[in-house]
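Summary of structural features
What follows is the residue order along each chain.
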Amino acid sequence: MDTVTKEISASYETSRKRKTENIHINRTVAAREICDVISNQVKNRFCFIFHYFAVSLLEAPKFQEYEKKFPTQILDQTTDIYSMLQKDRLKTELGVIYRRSDFRNMTGAISLLQFIIQNNLQTTFSQTYKLLLIIVTIPMSTAEAERCCSTLKRVKTFLRRIMSEDRLSALAMLSIEKGIISDIPKFNENCSKVRKCLSGARKCDLKILAEELGEMVNDSHKLKDLKKIILASKEYDEESAKEWMNTIISERKEKEEIAEQKRQEEIAEQKRQEVIAERRRQDEIQIAEQKR
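Residues numbered from 1 in each chain as written. Predicted model: local features only at pLDDT ≥ 70, side-chain atom pairs only at ≥ 80, totals over all residues. Heavy atoms only, no water.

A word on the UniProt feature "coiled-coil region" (unreviewed entry) in the chain
- Look at the UniProt record and you will see "coiled-coil region" (unreviewed entry) annotated at residues 245-278.
- When the span residues 245-278 is considered, its composition is 100% helix and 0% strand, and the gap between its end C-alpha atoms is 49 Å. (UniProt positions renumbered as here; feature names shortened; annotations may be inferred. Helix = DSSP H or I, 4+ residues; strand = E, 2+ residues; numbered from the N terminus.)

Some points on the packing of aromatic side chains
- Counting across every chain of the model gives five aromatic pairs.
- Seen in terms of ring centroids, Phe-63 and Tyr-98 are 5.2 Å apart; in terms of plane orientation they differ by 45°. Their pairing is tilted. Pair noted here: Phe-63 is in helix H3 (residues 63-68) and Tyr-98 is in helix H5 (residues 87-99), with a separation of 35 residues, a long-range link. As far as burial versus exposure is concerned, Phe-63 and Tyr-98 are alike and both buried.
- Geometrically, the ring pair formed by Tyr-66 and Tyr-98 is tilted, given 5.3 Å between the ring centres and 55° between the ring planes. (Phe/Tyr/Trp six-rings, centres within 6.5 Å; stacked < 30°, edge-to-face > 60°. Buried < 20%, exposed > 50% of the residue type's maximum accessible area, 1.4 Å probe, protein only.)

Observations regarding the nonpolar core
- Leu-57, Leu-58, Leu-94, Tyr-98, Phe-103, Leu-112 and Leu-131 are the most contacted members of the largest nonpolar core, which has 25 residues in total.
- If you list the elements that add at least two residues to this core, you get helix H2 (51-57), H3, H5, helix H6 (109-118) and helix H7 (126-137).
- Not counting chain neighbours up to four residues away, the residues in contact with Leu-57 comprise Phe-63, Tyr-66, Pro-71, Ile-74, Leu-75, Thr-78, Leu-94, Tyr-98 and Leu-131.
- Core analysis: the second largest hydrophobic core is formed by 13 residues, Leu-206, Leu-209, Leu-226 and Met-245 among them. (Core = buried A, V, L, I, M, F, W, Y, C linked by side-chain atoms within 4.5 Å. Contact = heavy atoms within 4.5 Å.)

Regarding a nonpolar patch on the surface
- On the surface, a nonpolar cluster with roughly 240 Å² of combined accessible area is contributed by Ile-110, Leu-133 and Val-136.
- Topologically, Leu-133 is positioned in helix H7.
- Under the relative-accessibility criterion, Leu-133 is labelled partly exposed at 34%. (Patch = residues over 30% accessible without salt bridge, like charges linked within 9 Å, V, L, I, M, F, W, Y side chains within 5 Å. Areas by Shrake-Rupley, 256 points an atom, 1.4 Å probe, with all protein chains shown as cover. Salt bridge = Lys/Arg side-chain N within 4 Å of Asp/Glu carboxyl O.)

Some thoughts on the packing of helix H12 (residues 203-212) against helix H13 (residues 223-232)
- Closest axis-to-axis distance for the H12/H13 pair is 10 Å, and the angle between their directions is 25°. As judged from the angle between their axes, H12 and H13 are roughly parallel. Crossing geometry of H12 relative to H13 is assigned as left-handed. Residues Lys-203, Leu-206, Lys-207, Leu-209 and Ala-210 of H12 lie in contact with H13, whose contacting residues are Leu-223, Leu-226, Lys-227 and Ile-230. (Axes fitted to C-alpha atoms, helices over the stretch in contact; angles between N-to-C directions. Parallel < 35°, antiparallel > 145°, perpendicular 65-115°, else oblique. Left-handed = near helix turned anticlockwise from the far one by under 90°.)

Thoughts on the packing of H5 against H7
- Here H5 crosses H7 at 90°, and the two axes come no closer than 8 Å. With respect to their mutual orientation, H5 and H7 come out roughly perpendicular. In this structure, H5 contributes Arg-89, Leu-90, Glu-93, Leu-94 and Ile-97 to the contact, and H7 contributes Ser-126, Gln-127, Thr-128 and Leu-131.
- In terms of residue class, the contact of H5 with H7 is built from four nonpolar, three polar and two charged. (Nonpolar A, V, L, I, M, F, W, Y, C, P; charged D, E, K, R; others polar.)

Considering H13
- Listing the buried residues of H13 in full gives Leu-226, Ile-229 and Ile-230. One side of H13 holds all its buried residues, which, seen down the axis, span an arc of 100°.
- In this fold, the buried residues of H13 make contact with H12. (Arc of directions from axis to C-beta.)

Considering the pattern of salt bridges
- For the structure on display, the rule yields nine salt bridges.
- The partner of Glu-93 in a salt bridge is Arg-89, and the shortest N-O contact between them spans 3.1 Å. Of this pair, Glu-93 and Arg-89 both sit in helix H5, four residues apart, which is roughly one turn of the helix.
- Glu-93 sits in the buried class, given a relative accessible area of 4%.
- Arg-263 is the partner of Glu-260 in a salt bridge, and the nearest nitrogen-oxygen pair spans 2.8 Å. Residue Glu-260 and its partner Arg-263 are both found in helix H14 (residues 238-291); the two are separated by three residues, about one turn of the helix.

Encoded structure:
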């Protein structure tokens, strides 16, 4: 009996040891496969890094260095990647930017782009403007695009599954740029004021307001399009727009009341004529019966 027990115990120990070794081997194989997948993903994600050359052309701290020695090699690589850029014109524009001191105060591509737009230099620096649009539009890595997808998952929940595309884009932008929004004073109050200013307005009211602001609109514009046009207008002022909108709504309601009153009078007149016609018909029936 003792011999059988020892054999069973030895067999169990061997089996347990074999299972432990198998688990260790399986884990090792799985770990190697995961490492292979990660290394391949890293290679695929970072195989294209040539767009970093374009960014280095517009780094303000290097402008003084580039003024002394123009980065011809980087320019060649950039124009090879983005063939739509005119190399000679871009070189001339960059030479001007490198020499001027006001461009050296820029903190990045976005501030440089804003500087060009604010001073209406899009035509003067056409190729630089085009390159800046490319730089600020194309993400430097896939992490930025994945961050947008993660934001959409948080914004578009089950309860918000039927929201419009414009609203979804706006909420996603607010979530992504929450750091910038937090620096804007009274952002929520200003947004609520804008909503109150345009709340209760119909399409016809917004169309009149847009025309008063000097904007060209037509019947094809939707309600949300008219709101965007009004808020983007150079003549838009919150207080003035609010007064105009109240006046437009009051005039529209007054016209509607007059039209409704006229309609009720016409209905009353029609009913009166029907009553008169019915009385005449009854009188004619009575007269006909009396003659019989």
